Amino acid sequence: MPISSVTSQWESLFILYAIIGTIVGAIVTIWLITVLVRYRARSGAKDPDDAPKVGFLPPDRGTTKAALVMTVLVAGILFALAAGTFETVHLIENPPEESRAIKVIARQWQFEFVYPDGTSSVGEVTVRKGEPVVFDVTSEDVFHNFGLVEFRVRTDAIPGKVNQIWINPEQEGIYKILCYELCGVGHSFMSAKLIVTG
Ligand SMILES: [Cu+2]
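So, how was this worked out
Starting from 1, residues in each chain are numbered consecutively following that chain's sequence as written. Under the rules for a predicted model, residues below a pLDDT of 70 receive no local features and side-chain atom pairs below 80 are neither given nor counted, while totals for whole chains, interfaces and linings still include all residues. Numbering of helices and strands runs from the N terminus; a helix is a DSSP stretch of H or I covering at least four residues, while a strand is a stretch of E covering at least two. Atoms considered for the radius of gyration are the C-alpha atoms alone. The globule rule reads 2.2 Å times the number of residues to the power 0.38. Think of a nonpolar core as buried Ala, Val, Leu, Ile, Met, Phe, Trp, Tyr and Cys residues chained together by C-beta atoms that fall within 7 Å. Three exposure classes are used. Buried residues have 20 or more other C-beta atoms within 10 Å of their own C-beta, exposed residues have 12 or fewer, and partly exposed residues fall in between, all C-beta atoms being placed from the backbone. Throughout, a residue-residue contact means that the two C-beta atoms, derived from backbone geometry, are no farther apart than 7 Å. Per the annotation, domain bounds derive from an automatic or database assignment of domains. In this classification, Asp, Glu, Lys and Arg are treated as charged, Ala, Val, Leu, Ile, Met, Phe, Trp, Tyr, Cys and Pro as nonpolar, and every other residue, Gly included, as polar. Given a helix with a known number of residues, its expected span is that number minus one, times 1.5 Å. Should DSSP find at least two bridges between two strands, the strands are taken to pair. Note on definitions: angles span 0 to 180 degrees between N-to-C directions of axes, and those axes are lines fitted to C-alpha atoms, for helices only across the stretch in contact. Angle categories are assigned with fixed cut-offs, so that under 35 degrees is roughly parallel, over 145 is roughly antiparallel, 65 to 115 is roughly perpendicular, and the rest are oblique. Each crossing gets its handedness from the near helix: less than a right angle anticlockwise from the far helix is left-handed, clockwise is right-handed.

Draft legend 1. Representation of the overall build of the chain in the model. Along the chain, the regular secondary structure elements total two helices and ten strands. By the compact-globule yardstick of 16 Å for 198 residues, the chain is too spread out, its C-alpha radius of gyration being 26 Å. Along the three orthogonal principal directions, the C-alpha set of the chain runs to about 85 × 35 × 30 Å.

Structural data, given as structure tokens:
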């Protein structure tokens, strides 16, 4: 069971990028080494017939087919990644209507949470498992960034502006909240706890 659908969506997109990046990187590296070895300078070796010569236009090399295949392949990969990214961003930016709204006020150097009933707490926030919750994040002084570490989501806390992130916690536990924007000498101690109860 994932800890939240927003999180698993984000993680599968990350894994997709990592897999494609690794495959492309491996192909390029292997090809580079192969070419380096195969065409290395050998004593007494002559230039190939179609090697570029000073003062002459080089002859045509490669084929239209190869260029076409590469173009379609690259366009296909970029299109798939772009589609996945738009889908994930859309999910992250659109909390479900029924989400419980908790206000987050960031200040040097703590996070305060205000629940829908008006009660508030500093340094920890309690949410219920299976209930989507949206955090309305703002700041009272400088720029901060409210990040739910294990949930892989975060948003800027900016004075005069409210940014939203949401999660639908699906596993009980205590999770880390950190400030991700250098906000003064107390920045590295600016943290809080997210408690998910059953
Ligand atoms: Cu901060």
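Draft legend 2. How the structure looks around the nonpolar core. Grouped together as the largest cluster of nonpolar side chains are 27 residues, with contacts concentrated most on Val104, Ala106, Phe111, Phe135, Val137, Phe146 and Leu194. Breaking this core down by element, the ones donating at least two residues are strand E1 (100-107), strand E2 (110-114), strand E4 (124-128), strand E5 (133-139), strand E6 (144-148), strand E8 (163-167), strand E9 (173-179) and strand E10 (191-197). In contact with Val104, other than residues within four places in its own chain, are Phe111, Phe113, Phe135, Asp136, Val137, Phe146 and Ala157.

Draft legend 3. Seen up close, the domain arrangement of the chain. Domain boundaries assigned for the chain yield domain 1 (5-42 + 61-93) and domain 2 (100-197). Summarising the inter-unit geometry, the C-alpha centres of domain 1 and domain 2 are found 35 Å apart. Contact with domain 1, which involves six residues of that partner, is made by six residues of domain 2. Considering each element in turn, the side of domain 1 that touches domain 2 owes the most residues, five residues, to helix H1 (residues 5-38). Tallied by class, residues from the side of domain 1 that touches domain 2 come to three nonpolar, two polar and one charged.

Draft legend 4. The arrangement of H1 in detail. Taking 1.5 Å of rise per residue, the 34 residues of H1 would be expected to cover 50 Å, and the 49 Å separating its terminal C-alpha atoms lies within 8% of that figure. Buried residues are scarce in H1, accounting for two of its 34 residues.

Draft legend 5. The arrangement of the sheet that holds E2 in detail. The strand order E3-E2-E1-E5-E8 describes an open sheet built from five strands, whose pairing is mixed. Each having just a single partner strand, strand E3 (120-122) and E8 make up the two edges of the open sheet. Taken pair by pair, the neighbouring strands of this sheet meet at an average axis angle of 25°, ignoring direction.

Draft legend 6. Broad picture of the sheet that holds strand E7 (residues 153-157). Strand order in this open sheet of five strands is E4-E10-E9-E6-E7, and the pairing throughout is mixed. Bordering the open sheet on either side are E4 and E7, each of which pairs with just one other strand. Averaged over all pairs of adjacent strands, the angle between strand axes in this sheet comes to 20°, irrespective of strand direction. With six bridges joining them, E9 and E10 adopt antiparallel strand pairing.

Draft legend 7. Focus on helix H2 (residues 64-93). Here H2 is 30 residues long and its end C-alpha atoms lie 43 Å apart, about the 44 Å a rise of 1.5 Å per residue gives. Within H2, only zero of the 30 residues are buried, which leaves the element largely exposed.

Draft legend 8. Quick look at the packing of H1 against H2. Between H1 and H2, the least distance of the axes is 10 Å, while the angle of their chain directions is 165°. One element, H1, and the other, H2, form an angle in the roughly antiparallel class. Crossing geometry of H1 relative to H2 is assigned as left-handed. Facing Val6, Gln9, Trp10, Leu13, Leu16, Tyr17 and Ile20 of H1, the residues of H2 in contact are Ile77, Leu81, Gly84, Thr85, Thr88, Leu91 and Ile92. Its residues assigned to classes, the contact of H1 with H2 comprises ten nonpolar, four polar and no charged.

Draft legend 9. Structural context of the environment of Thr138. Examined against the element boundaries, Thr138 turns out to sit in strand E5. The spacing of Thr138 and Phe111 is 27 residues in sequence and 9.9 Å in space, taken between C-alpha atoms. In contact with Thr138, not counting residues within four places along its chain, are Ile105, Ala157, Ile158, Lys161 and Val162.

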